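Here is how the chains run, residue by residue.
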Amino acid sequence: MTARFTGQHMAAILIAFFAAVIAVNFYMARTAVMTFGGTVVDNSYVASQHYARWLDEAAAQDRAGWRAEPEIAGGRLMLVLRRAGRPVAGARVRVSARHPLGALPDRVIELLPAATPGRYRAPVALPPGRWQLLIEARDGGAQARFETELRA
């Protein structure tokens with residue numbers, strides 16, 4: 001004897017199908033909200049008003065020959081800072097480290113001069129993961145800003 005396909009069977013199939021679709025949608029929406037890292041700028045119109053100035057500052061920085069080369073050594077952030085090809089010793093270097101997905105809190109680190117001129121090191125270790133770095137260096141009246149990504 002074979003089982004007959006009834007309206008109850010069809011109703012159960014439809015309910016199971018839509019329940020699965022709704023469950024997946026809720027899961028995806030929850031995951032998207034929980035992993036959203038936030039906005040890049042709060043007001044894109046206001047940021048666009050400063051764009052030309054930012055480009056001019058970046059061009060002046062490039063003409064001055066500023067270079068920053070970050071790396072991880074022994075779990076700590078290390079940085080080689082140069083201007084016009086020469087090491088920059090005695091600069092004040094500050095790094096803002098931001099995790100791209102916001103899973104870890106942001107960190108602001110004042111780098112200390114290392115034994116080698118032009119090298120700077122963080123006094124604390126940077127947790128493992130991918131980090132977006134905003135590096136700000138001041139040497140006398142000169143200053144430079146760099147944005148880069150680094151994996152610790």
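Look above for the structure.
Residues numbered from 1 in each chain as written. Predicted model: local features only at pLDDT ≥ 70, side-chain atom pairs only at ≥ 80, totals over all residues. Heavy atoms only, no water.

**Topic: the packing of aromatic side chains**
The following threshold applies: Pairing of aromatic rings covers Phe, Tyr and Trp, the last counted by its six-membered ring, and requires centre-to-centre distances within 6.5 Å; plane angles under 30 degrees mean stacked, over 60 mean edge-to-face, and any other angle means tilted.
Applying the stated criterion to the full structure yields 1 aromatic pair. Ring centres of Phe-17 and Phe-18 lie 5.1 Å apart, and the angle between their planes is 75 degrees; this geometry places the pair in the edge-to-face category.

**Remarks on the side chain of Gln-61**
Where we set the bar: Only DSSP runs of H or I covering at least 4 residues are called helices, and only runs of E covering at least 2 are called strands; the numbering of each starts at the N terminus. The rule is simple: take the accessible area with a 1.4 Å probe, protein chains only, and divide by the maximum for that residue type; under 20% is buried, over 50% is exposed, in between is partly exposed. Residue contacts are defined here by distance: any two heavy atoms, one from each residue, within 4.5 Å place the two residues in contact.
Mapping Gln-61 onto the fold places it in helix 3 (residues 51-64). Take Gln-61: its relative accessible area is 12%, and that puts it in the buried class. In contact with Gln-61, not counting residues within four places along its chain, are Trp-66, Ala-144, Arg-145 and Phe-146.

**Looking at the nonpolar core**
Note the threshold: Definition used in this section: a nonpolar core is a set of buried Ala, Val, Leu, Ile, Met, Phe, Trp, Tyr and Cys residues joined via side-chain atoms within 4.5 Å.
Counting 21 residues, the largest nonpolar core has Leu-81, Val-93, Leu-111 and Leu-133 as the members making the most contacts within it. Of all the secondary-structure elements, those providing two or more residues to this core are strand 2 (76-83), strand 4 (92-98), strand 5 (107-113), strand 6 (119-125), strand 7 (130-139) and strand 8 (142-151). Sorting elements by how many residues they give to this core places strand 7 first, with 4 residues. With near-sequence residues (within four places) excluded, Leu-133 lies in contact with Pro-70, Leu-77, Val-95, Ser-96, Ala-97, Phe-146, Glu-147, Thr-148 and Leu-150.

**Observations regarding the pattern of salt bridges**
Rule in force here: The salt bridge criterion pairs a side-chain nitrogen of Lys or Arg with a carboxyl oxygen of Asp or Glu, the two atoms within 4 Å.
One pass over the full model with this rule turns up 8 salt bridges. The salt bridge involving Arg-119 is made with Glu-71; its shortest N-O contact spans 3.4 Å. Of this pair, Arg-119 sits in strand 6 while Glu-71 sits in strand 1 (residues 66-73), placing them 48 residues apart in sequence. Residue Arg-119 is classed as partly exposed on the basis of its relative accessible area, which comes to 23%. The class of Glu-71 is partly exposed, set by a relative accessible area of 34%. Here Arg-145 makes a salt bridge to Glu-136, at a shortest N to O gap of 3.0 Å. When its relative accessible area of 46% is taken as the criterion, Arg-145 is described as partly exposed. Overall, the relative accessible area of 24% leaves Glu-136 in the partly exposed class.

Keep in mind that these numbers describe shape and distance, not what the molecule does.
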